[in-house]
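Overview (structure and organization)
Below are the chains, spelled out letter by letter.
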Amino acid sequence: MDTNLIVAGVGGQGSILVSHVIAEAAIRADNDANVRVGETFGAAMRGGAVASHVRVGKVYGPLVGRGQADLILAMEPLEGLRVGVEYLAPGGIAILNTEPVQPVDAKIGAVNYPSLPEIVDSLAALGKAVVTIDAGKLALEAGSDKTLSVVMLGAAFASKVLPFAEEDVREALKERLPAKILDINLKAFALGKQAYLAATSGVAQTKS
Amino acid sequence: MSTPIMQQAGRKVLLMGNEAIARGAIEAGLELMAAYPGTPSSEICEALIGAAKENNYYVEWSTNEKVAFEVATGASLVGARSLVAMKNAGLNVAMDTFMTIPYGGTKGGMVVVVADDPDAHYSSNEQDTRFAAVYAEIPCLEPMDQQEAKDMTKAAFEISEALELPVFIRSVSRISHASGDVKLGAAADPRHGLGFNKHYKLPYRWNVYGPPGALHKHQWLHEQLPKAAAMANSSRFNTLDLVPGAKTGILCTGLAAAYGKEAVDRLQLDGKVSFLKLGFLFPLPEEMIRKLLQSVEEVLIVEEGDPVVEGLVRSLAKEIAPGVKIYGKSYNPLLKPYGELNTDIVANALAELAGVARPAERNAALRENLRGKVIPRSSTLCAGCSHLASYSALKEALRRFKGNHIVNGDIGCYEQGGYGIFSAASTANAEDAKKYPINSPYETLDTIYVMGSGIGLAQGQRQAGYEEGKVVAVAGDSTFFHATLPAIVNAAYNRADITLLIFDNHWTCMTGHQPNPNTGKTSLAEDGTRFDIAAAVRALGVEFVTTVDAYNRSEAVESIAAALSFAGPAVVILQGECQLQIQRRTKKGPARTSVDRDSCNGCMTCVRLGCPAIIYSTAEKKASIDAISCTDCTLCGQVCPQKAIKQEELR
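Residues numbered from 1 in each chain as written. Chains lettered and ligands numbered in written order. Predicted model: local features only at pLDDT ≥ 70, side-chain atom pairs only at ≥ 80, totals over all residues. Heavy atoms only, no water.

Here we come to the overall build of chain B. In terms of helices and strands, chain B carries 21 helices and 23 strands. By the compact-globule yardstick of 26 Å for 651 residues, chain B fits well, its C-alpha radius of gyration being 27 Å. Viewed in the frame of its principal axes, chain B has a C-alpha envelope of about 80 × 65 × 55 Å. Scored against the burial criterion, the 651 residues of chain B give a buried share of 59%. For chain B, the share of sequence-separated contacts (at least 6 apart) that also reach a separation of at least 24 residues comes to 79%. Working note: accessible area of chain B is about 25300 Å², and carbon and sulfur atoms make up 53% of it. The distance from the centre of the 64 positive side-chain charges to the centre of the 71 negative ones in chain B is 2 Å. (Helix = DSSP H or I, 4+ residues; strand = E, 2+ residues; numbered from the N terminus. Rg over C-alpha atoms; globule rule 2.2 N^0.38 Å. Buried < 20%, exposed > 50% of the residue type's maximum accessible area, 1.4 Å probe, protein only. Contact = heavy atoms within 4.5 Å. Areas by Shrake-Rupley, 256 points an atom, 1.4 Å probe, with all protein chains shown as cover. Lys, Arg positive; Asp, Glu negative; His and termini not counted. Charge placed at Lys NZ, Arg CZ, Asp CG, Glu CD.)

Residue and element names in this part refer to chain B. In terms of burial, strand β11 (residues 274-278) is a largely internal element, 5 of the 5 residues being buried. The alternating pattern of β11 places S274, L276 and L278 and F275 and K277 on opposite faces, both of which are buried. Looking at chain direction, strand β9 (residues 239-241) and β11 are connected through 3 bridges and run antiparallel. From the neighbouring strand, T239 faces β11, where its bridge partner is K277. Relative to β11, strand β10 (residues 248-253) runs parallel, the two being bridged by 5 bridges. By the bridge assignment, C252 is partnered in β11 with K277. Handedness of the β10-helix α9 (residues 255-266)-β11 crossover: right-handed. (Pairing = 2+ DSSP bridges. Right-handed = clockwise from strand over helix to strand, strands pointing away.)

Further remarks concern the sheet that holds strand β6 (residues 140-141) of chain B. All names here are of chain B. Taken in spatial order, the 7 strands make up an open sheet running β3-β2-β4-β5-β7-β6-β12, and their pairing is mixed. Two strands lie at the open edges of the sheet, namely β3 (58-61) and β12 (280-282), each paired on one side alone. Alignment of β6 against β12, held across 2 bridges, turns out to be antiparallel. Looking across to β12, one finds that C140 is bridged to F282. Against the sheet, helix α3 (residues 65-77) touches β2 (32-35), β3, β4 (82-87) and β5 (110-116), its axis set at about 165 degrees to β4. Across the face of the sheet, helix α6 (residues 146-163) comes into contact with β4, β5, β6, β7 (167-172) and β12 while running at roughly 160 degrees to β7. (Axes fitted to C-alpha atoms, helices over the stretch in contact; angles between N-to-C directions.)

Bringing the nonpolar core into the picture now. Residue and element names in this part refer to chain B. Ranked by size, the top nonpolar core spans 84 residues in total, and within it L501, I560 and L574 carry the most contacts. At 7 residues, helix α14 (residues 386-398) tops the list of elements feeding residues into this core. In this structure I560 touches S390, A393, L394, A397, L501, V572 and L574, once residues within four positions along its chain are discounted. Of all hydrophobic cores here, the second largest spans 75 residues; its members include A25, L48, V59 and L335. (Core = buried A, V, L, I, M, F, W, Y, C linked by side-chain atoms within 4.5 Å.)

Time to look at the interface of chain A and chain B. Facing 70 residues of chain A, the contacting portion of chain B comprises 64 residues. Between chain A and chain B lies a buried interface of about 5500 Å² when both sides are counted; carbon and sulfur atoms form 54% of it. In this structure, the salt-bridge partner of K373(B) is E118(A), at a minimum N-O distance of 3.3 Å. Looking at the side of chain A that touches chain B, the elements with two or more residues in it are α1 (15-29), β2 (34-40), β3 (49-57), α2 (77-87), β5 (88-97), α3 (104-107), α4 (116-126) and α7 (166-176) of chain A. Among the elements that take part in the side of chain A that touches chain B, α2(A) stands out by supplying 8 residues, more than any other. When the residues that make up the side of chain A that touches chain B are grouped by side-chain class, the tally is 34 nonpolar, 17 polar and 19 charged. Direction of pairing for β2(A) relative to strand β8 (residues 179-183) of chain B: antiparallel, over a ladder of 2 bridges. (Buried area = accessible area lost by both parts, 1.4 Å probe. Salt bridge = Lys/Arg side-chain N within 4 Å of Asp/Glu carboxyl O. Nonpolar A, V, L, I, M, F, W, Y, C, P; charged D, E, K, R; others polar.)

Let's shift gears to the sheet that holds strand β16 (residues 471-476) of chain B. All names here are of chain B. An order of β15-β16-β17-β19-β18 is seen for the 5 strands of this open sheet, with the pairing classed as parallel. The open sheet terminates on both sides in strands that have one partner only, identified here as β15 (406-408) and β18 (544-549). In this sheet, neighbouring strand axes are inclined to one another by 20 degrees on average, regardless of whether the strands run parallel or antiparallel. Pairing of β15 with β16 involves 3 bridges; the strand directions are parallel. Note on β16: the bridge partner recorded for N408 is A473.

Now for the pairing of β18(B). All names here are of chain B. Taken together, the 6 bridges between β18 and strand β19 (residues 570-575) define a ladder with parallel strand orientation. Among the inter-strand pairings, V545 is bridged to a residue of β19, identified as V571. The parallel pair β18 and β19 is bridged by helix α19 (residues 553-565), and the resulting crossover is right-handed.

Residue and element names in this part refer to chain B. In this structure, P40 follows T39 across a cis peptide bond, with omega equal to 10 degrees. Inspection of the secondary structure assignment puts P40 in the loop between β2 and α2 (42-50). For the peptide bond that leads from P211 to P212, omega is 15 degrees, which places it in the cis range. For P212, the position within the fold is in the loop between β8 and α8 (213-233). Despite not being glycine, E164 shows a phi value in the positive range, around 60 degrees. One non-glycine residue, H513, lies in the positive phi region at around 60 degrees. Among the structural elements, H513 can be located in the loop between β17 (499-504) and α18 (533-539).

Quick look at α2(B) now. α2(B) sits mainly inside the fold: 7 of its 9 residues count as buried. Of the surrounding secondary structure, the elements contacted by the buried residues of α2(B) are β1 (12-16), α1 (17-27), β2, β3, β4 and β5 of chain B.

This next bit is on the environment of V85(A). Relative to the assigned elements, V85(A) resides in helix α2. Spatially, the C-alpha atom of V85(A) lies 12 Å from that of I6(A), the residues being 79 residues apart in sequence. Once you skip the residues sitting within four places of it in the chain, V85(A) turns out to touch L123(A), L126(A), R367(B), L370(B), R371(B) and V374(B).

A word on empty space enclosed by the protein. Inspection of every chain in the model, using the stated rule, returns 6 cavities of 30 Å³ or more. In this structure, the second largest cavity occupies an estimated 120 Å³ of space. Along the lines of polarity and charge, the residues of the lining of the second largest cavity split into 12 nonpolar, 4 polar and 1 charged. (1 Å grid on protein atoms, 1.4 Å probe; cavity = no way out; pocket = protein on both sides within 12 Å on 5 of 7 lines; lining within 4 Å. Points joined across faces, edges and corners; volume = space filled by probe spheres on them.)

Another point: the packing of helix α16 (residues 453-463) of chain B against helix α17 (residues 477-493) of chain B. Each pair of packed helices can be described by the angle between their axes along with the distance between the axes. All names here are of chain B. Where α16 contacts α17, the axes come no closer than 8 Å and their chain directions differ by 25 degrees. By the angle between their directions, the pair α16 and α17 is classed as roughly parallel. The interaxial crossing formed by α16 with α17 has left-handed handedness. Between α16 and α17, the residues in contact are I455, G456 and Q459 and T484, A487, I488, N490 and A491, respectively. In terms of residue class, the contact of α16 with α17 is built from 4 nonpolar, 4 polar and no charged. (Parallel < 35°, antiparallel > 145°, perpendicular 65-115°, else oblique. Left-handed = near helix turned anticlockwise from the far one by under 90°.)

Dropping the structure here:
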């Protein structure tokens, strides 16, 4: 089975790092699988929309097909919607960080930023489940607001969509992160995982 | 943590396409690398800079692509293996040298990597540079994934030495900036067996005018092409899966082969269509193409960019298989010659040709409906960026003069001065054409094309007699060294009445903060000469030259206004280091800038600075500051008419 997911966010939030950690962990888990990460970033060094496609399995190209993402992992709600509207599969899960990063368009009042319930409902209509996480709060709890993306990675891992074991992702984090910030990121990962499990236990998040 | 490209041989690792190219060069025993930054190619040189300490090669950021190409050629002529990398448009800058070097050929393996940008994610155009390889008559390779990007780069050095020609590798954004699993080979030590032989195999080998001259050397070049075609026919980067009796064939080059394979899988056409994948595509591997064309009735040709291979195959088919119907991007189009491909697009084209059902898009109507909820995220300059200060001062200065002013832009972060606000409705009527917009810095630039073009355009506008308003050009410091010098000499020589603003932020920022001659550091962060732009401009013959701190708003406005009043070429250098670089050096806490809500009357003067750290509430009609992103640059406080922005202890 192929795995297709998209990590979305705003430049500087760590989407690219997380997509690379996921891909690296997938290589560790299955040395025969093809792994691809397709990114769009560039014009804006900071603050632009970033979407990183991650694909594992019998895959060749770097891009997820329209309506074929098993998972949308969004560091920012609007970017989750932007990507989800195009790519979320009917059986797919969207995990959203709840804290918006207002685009300049909304800041100057040219357009209104959609409300979080509106974003959640839109994605829920397209996919199987939508899970919201206050990742910024958990990142601070872990020790730095910069661990936000790894909190979200923990949540993604808990969704069971990712094709590897926890050991693989820990090794990949070790590979990609400087040693001095590894511990707070492992803590962030654990907090994200717990938050996902807490959000999905009991309450039926799954559309019937 | 280790440098991704220097991991152990035999390991399978995740590499970005550009890193894979860099690794391939290391496995070939690279001796010299030169490049000018250009997205999406920059990480090739970045990766080689990162691995320079562990390897024995020379690497530099050159001042432009032509210089980089010449540096790499020089290395090859004395026998070194050299690599030069650039973006699509960069090749245009190197074109003069690029077209002529193949006449004399090369000695040490020389590989030219050009990263094209289908869909123009990061570029002024979508040009397909494979035409240039055909034009220059040198071998052209195109990888389908990151593994091939590495393997091809290594092989390209060997091909180059066998043919004594530069070898062209055409990458695209979705190879260069995408990542994939790559199995590493062994790094090779540079050979360093350098020497110079002016008659190496041919008289006056490296002197195109030396007897027997250019015509003879062009003849030699043509004698190499059949040898190159033979290599293409047996290249491991070309594979033909011929299905006996299949009516339909698909021919894919480079990355398009990845989409083609997925399309065949998705449509369950595996074993039902013949598939030719080309990685070594010029000269055409004619034998392989003959086998495909003579076994099918119809062929779909799929390639990123223009129908380059399609054109070549069509002309070959006319000779060897005139009955085969060819589909692609020119005649019988099933694909568009603009934008980029993906599996969905290729699957649709193949489904149409093969007469099978297209996979239905799930939730299509619902998706269309929900698209309306997605608001744009305009590209902006960074919080506190000195370009915001410079544009604000330029707008204020221009407002003092009547008329329909023209501001010519250039390439760099400051090109965002012409991106507009994505959510603002754009009207294109004659009345608006005469208006001078003051709403945001993102609506400042009237023309933007390519590196260094603004200052030349400005001269033409003025010299043609345009007097309805002021004529201005802007350029960054890296662009200044890259492409504006002859144009500045021209302005001084011909007394063009224009104003040139140089936005000096000390780094080549948009491509990832590479150092340039104005940074005072070399590529390896060693101390270099810090160039004095003002002295250079004076030496080029410009009399009016002022240097000003971009963040000193009143001084910046006065300096620009004085330059606009000056009859003749006038240059203002607006200095302000890139805020991201400042923030990286000096870690800061939350900003000390804030808005006194009682004094703020909602006039939006600060909002019009376009700084992403300024937030405006339309409901409350009040501005506020995002303390996380604000850099305390003081600019908003300087422009606020109510003095409502508090910046105690700053400046």
